[in-house]
Amino acid sequence: MRRTAFGFGATALLLCGGWLTLRTVWEGVCRHPAAVVPAAALGAAGVLLLHLRGPRRRRRGRPGPFSEAVRELFDPSREPSAPAREPLGHPHDDLAPTAVLTEPEPAEPEEPEGEAADYAALDADGFEDAVAALCERDGCRDVQVVGGAGDLGADVIATAPDGRRLVVQCKCYGPATKVGSQDLQRFGGTCYAVHEADIAVCVTTSAYTGPALDYAEQCAILCLDGDELTAWSEGSAPPPWQTDEGV
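Everything quoted here is computed from the prediction, not taken from an experiment. (Residues numbered from 1 in each chain as written. Predicted model: local features only at pLDDT ≥ 70, side-chain atom pairs only at ≥ 80, totals over all residues. Heavy atoms only, no water.)

1. Structural notes on the confidence of the model for the protein
Confidence in the prediction for the protein averages 77 pLDDT; 57% of positions are at 70 or higher. Every residue in residues 109-114 scores below 50 in pLDDT, and together they form zero contacts with partners more than four places removed in sequence or on other chains. (pLDDT = per-residue confidence, 0-100. Contact = heavy atoms within 4.5 Å.)

2. Considering the pairing of strand β3 (residues 165-171)
Counting buried residues in β3 gives six out of seven residues, a clear majority hidden from the surface. In the sheet, strand β2 (residues 156-159) pairs with β3 via four bridges, with the strands oriented antiparallel. From the neighbouring strand, T159 faces β3, where its bridge partner is R165. Note: β3 against strand β4 (residues 199-204), six bridges, orientation parallel. Within the sheet, the bridge partner assigned to K171 lies in β4 and is T204. (Buried < 20%, exposed > 50% of the residue type's maximum accessible area, 1.4 Å probe, protein only. Helix = DSSP H or I, 4+ residues; strand = E, 2+ residues; numbered from the N terminus. Pairing = 2+ DSSP bridges.)

3. Brief notes about the sheet that holds β3
With respect to topology, five strands assemble into an open sheet ordered β1-β2-β3-β4-β5, the strand pairing being mixed. Here the strands that pair on one side only, and so sit at the sheet edges, are β1 (141-145) and β5 (221-224). Averaged over all neighbouring strand pairs, the angle between strand axes comes to 20°, with direction disregarded. Running over the sheet, helix α7 (residues 226-234) touches β4 and β5 and is turned about 85° from β5. (Axes fitted to C-alpha atoms, helices over the stretch in contact; angles between N-to-C directions.)

4. Quick notes on the packing of helix α5 (residues 181-188) against helix α6 (residues 210-219)
The N-to-C vectors of α5 and α6 enclose an angle of 20°; their axes lie 8 Å apart at closest approach. As summarised for this structure, α5 and α6 are arranged roughly parallel, according to the angle between their axes. Across the interface between the two elements, S181, L184, Q185 and G188 of α5 pack against P211, A212, Y215 and A216 of α6. Looking at the contact of α5 with α6 residue by residue, the classes come out as five nonpolar, three polar and no charged. (Parallel < 35°, antiparallel > 145°, perpendicular 65-115°, else oblique. Nonpolar A, V, L, I, M, F, W, Y, C, P; charged D, E, K, R; others polar.)

Okay, here's the thing in structure tokens:
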């Protein structure tokens, strides 16, 4: 405020001084017309001197922030430059899609196809256990393996599903060895009298001689050879206590 008042005061003084100077010069010219030319030359020289001694204007450089603000204020049509926008979308859209790896499902184990048991490859004890398992599989109860020293010809004893007592003798022979009549005679002498069998069965992995089959028929002993044993095991033939002879 002080600077503004001082500026107005100085301006007023200059105007008043200039008016008085012009009045004095005018009155002098009116009184002495010959002094007009020297006075005009003196005034022109003074103006030229002031012009030569005045400060030179500096070349404007790049406008500053204040100038930019003033220009934007008085020139609304000029909009500030907006920063470039990135295109919409995920920044990684241009990347190739990544394949999702999934663990392969474990393959179900294939069940092996049923194969006929190789009873001829078993030893004597294993063969008795295998025959006992067949009896238990087909409904017999109280199945016991009693073969060994002093068995008196009985290797497996069980109760058939119909309640009859089953006594089985097991002969695990090779293909070249057949069950003879002497084997069946020893079994026939004890299966009914000693073991009180209702059904007496002889099972072998081999075959029977003719005399053995004749003795078995006389004594009502059921004989199963290797083929008939395999058929019983596979289920293609009924168990021995369901045959006509065992009824």
